[in-house]
Amino acid sequence: MNNVALFFGSFSPIHNGHIHIAKKVLEKKMADKIEFVISPKNPFKDSKNLIPVRERLMFLKKCIKMYSRMEVNEIELEMPLPNYTSDTIKKLTGLNPKINYSILLGADTAKSLNLWKDFDFLKKFKILVYPRKGVKVPNKNFLHIIQGVDFQDISSTQIRKSNDINFLKKNVTIEYLNYRFGSK
């Protein structure tokens, strides 16, 4: 499996939308494997509203364990904070020079790529972009739009804003998130 799509995120929490996107990328043969790179501290997010990283990690592992071509990459847990995608990719390519890495992200995130650390370095990698409701994907030649991905009406922010954030401490599955928060 030489083509690995790195799906970066806080995953606070992971939900069916994330899984749906990862499955589509694999179905469309845009990658051989998806690695969910859990970010303890995104420089663009306020971490005080996030679920503690160890709980996010536990739930992420639980939710993807049934998918043979999806795994969790914990590399950012051992790196200096905040976590920068360019630093992580530099470390990964140094450790695994035979792997072709790509970056998987949403259209909302793609809009701010030019603000990222080492943006010119990141453009050297295939950047796979999935659509987000109400967000126009920037017209950039280095972005590869994932076609045929239907919108999932669910977001981590929506889940965190709910009054039931302690659900992670329960024996919860991705199906629960699907039912509880209305994803299809």
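Residues numbered from 1 in each chain as written. Predicted model: local features only at pLDDT ≥ 70, side-chain atom pairs only at ≥ 80, totals over all residues. Heavy atoms only, no water.

**Points about the overall build of the chain**
Inference 1: The number of helices and strands found in the chain is seven helices and six strands.
Inference 2: Counting from the amino terminus, helix and strand elements in the chain follow one another as β-α-β-α-β-α-β-α-α-β-β-α-α.
Inference 3: Counting all 184 residues of the chain, 48% fall into the buried class.
Inference 4: For the chain, contacts bridging at least 24 residues in sequence account for 68% of all contacts bridging at least 6.
Inference 5: Looking at the chain as shown, the accessible area adds up to about 10,000 Å², and 49% of this sits on carbon and sulfur atoms. (Helix = DSSP H or I, 4+ residues; strand = E, 2+ residues; numbered from the N terminus. Buried < 20%, exposed > 50% of the residue type's maximum accessible area, 1.4 Å probe, protein only. Contact = heavy atoms within 4.5 Å. Areas by Shrake-Rupley, 256 points an atom, 1.4 Å probe, with all protein chains shown as cover.)

**Quick notes on the pattern of salt bridges**
Inference 1: The full count for this structure, using the stated rule, is eight salt bridges.
Inference 2: Two residues, Glu 35 and Lys 33, come together in a salt bridge whose shortest N-O distance is 3.4 Å. Accessibility assignment for this pair places Glu 35 and Lys 33 in one class, buried.
Inference 3: Note that Lys 33 and Glu 71 form a salt bridge whose closest N and O atoms lie 3.4 Å from each other. (Salt bridge = Lys/Arg side-chain N within 4 Å of Asp/Glu carboxyl O.)

**Quick notes on helix 3 (residues 85-95)**
Inference 1: Among the residues of helix 3, those classed as buried are Thr 85, Ser 86, Thr 88, Ile 89 and Leu 92. The arc that holds every buried residue of helix 3, seen down its axis, measures 160 degrees, which confines them to one face. Summarising the geometry of helix 3, the exposed residues directed more than 90 degrees from the buried face are Gly 94 and Leu 95.
Inference 2: Buried residues belonging to helix 3 abut strand 1 (3-9), strand 2 (33-38), strand 3 (70-73), strand 4 (100-106) and helix 5 (119-122). (Arc of directions from axis to C-beta.)

**Let's talk about helix 1 (residues 16-27)**
Because the α-helix completes a turn every 3.6 residues, residues three or four places apart line up on one side.
Inference 1: Taking 1.5 Å of rise per residue, 12 residues should cover 16 Å, and helix 1 covers 16 Å from first to last C-alpha, within 8% of that figure.
Inference 2: The buried count for helix 1 comes to 10 of 12 residues, which makes it a mostly enclosed element.
Inference 3: By the burial criterion, the buried members of helix 1 are Asn 16, Gly 17, His 18, Ile 19, His 20, Ile 21, Ala 22, Lys 24, Val 25 and Leu 26. (Expected span 1.5 Å × (residues − 1).)

**Looking at the pairing of strand 1**
Inference 1: Judged by how many residues are buried, strand 1 sits mostly within the fold: six of seven residues are covered.
Inference 2: Bridge count for strand 1 against strand 4 is five bridges, and the pairing is parallel. Pairing of Val 4 across the sheet is with Tyr 101, part of strand 4.
Inference 3: Bridge count for strand 1 against strand 2 is six bridges, and the pairing is parallel. By the bridge assignment for strand 2, Val 4 is matched with Lys 33.
Inference 4: Once you follow strand 1 into helix 1 and on to strand 2, the crossover reads as right-handed. (Pairing = 2+ DSSP bridges. Right-handed = clockwise from strand over helix to strand, strands pointing away.)

**Quick notes on the packing of aromatic side chains**
Describing an aromatic ring pair means giving the distance of the ring centres and the angle of the ring planes.
Inference 1: Under the defined criterion, the tally for this structure stands at six aromatic pairs.
Inference 2: Ring geometry for Phe 11 and Phe 36: centres 5.4 Å apart, planes at 65 degrees, overall edge-to-face. Highlighted residues: Phe 11 in the loop between strand 1 and helix 1 and Phe 36 in strand 2, separated in sequence by 25 residues.
Inference 3: For Phe 36, a relative accessible area of 0% translates into the label buried.
Inference 4: Among the aromatic residues, those joined into a cluster by ring pairs are Phe 7, Phe 11, Phe 36 and Tyr 130.
Inference 5: The residue whose ring lies beneath Lys 90 is Phe 121, and the NZ or CZ to ring-centre distance is 5.1 Å. (Phe/Tyr/Trp six-rings, centres within 6.5 Å; stacked < 30°, edge-to-face > 60°. Lys NZ or Arg CZ within 6 Å of the ring centre and 35° of its normal.)

**Section: the side chain of Thr 85**
Inference 1: Along the polypeptide, Thr 85 turns up in helix 3.
Inference 2: Since its relative accessible area comes to 12%, Thr 85 is described here as buried.
Inference 3: Residues within four places of Thr 85 in sequence aside, it is in contact with Phe 8, Ile 103, Trp 116 and Leu 122.

**Details of unusual backbone geometry**
Inference 1: The amide bond that connects Ser 12 to the next residue, Pro 13, takes the cis arrangement and shows omega of 0 degrees.
Inference 2: Within the secondary structure, Pro 13 is located in the loop between strand 1 and helix 1.
Inference 3: Put simply, Leu 81 and Pro 82 share a cis peptide bond, and its omega is -5 degrees.
Inference 4: Mapped onto the secondary structure, Pro 82 falls in the loop between strand 3 and helix 3.
Inference 5: Unusually for a residue other than glycine, Lys 29 sits at a positive phi of about 55 degrees.
Inference 6: With respect to the helices, strands and loops of the structure, Lys 29 is situated in the loop between helix 1 and strand 2.
Inference 7: Given the relative accessible area of 73%, Lys 29 is considered exposed.
Inference 8: The phi torsion at Asp 118 lies on the positive side, around 55 degrees, for a residue other than glycine.
Inference 9: With respect to the element layout, Asp 118 can be found in the loop between helix 4 (107-110) and helix 5.

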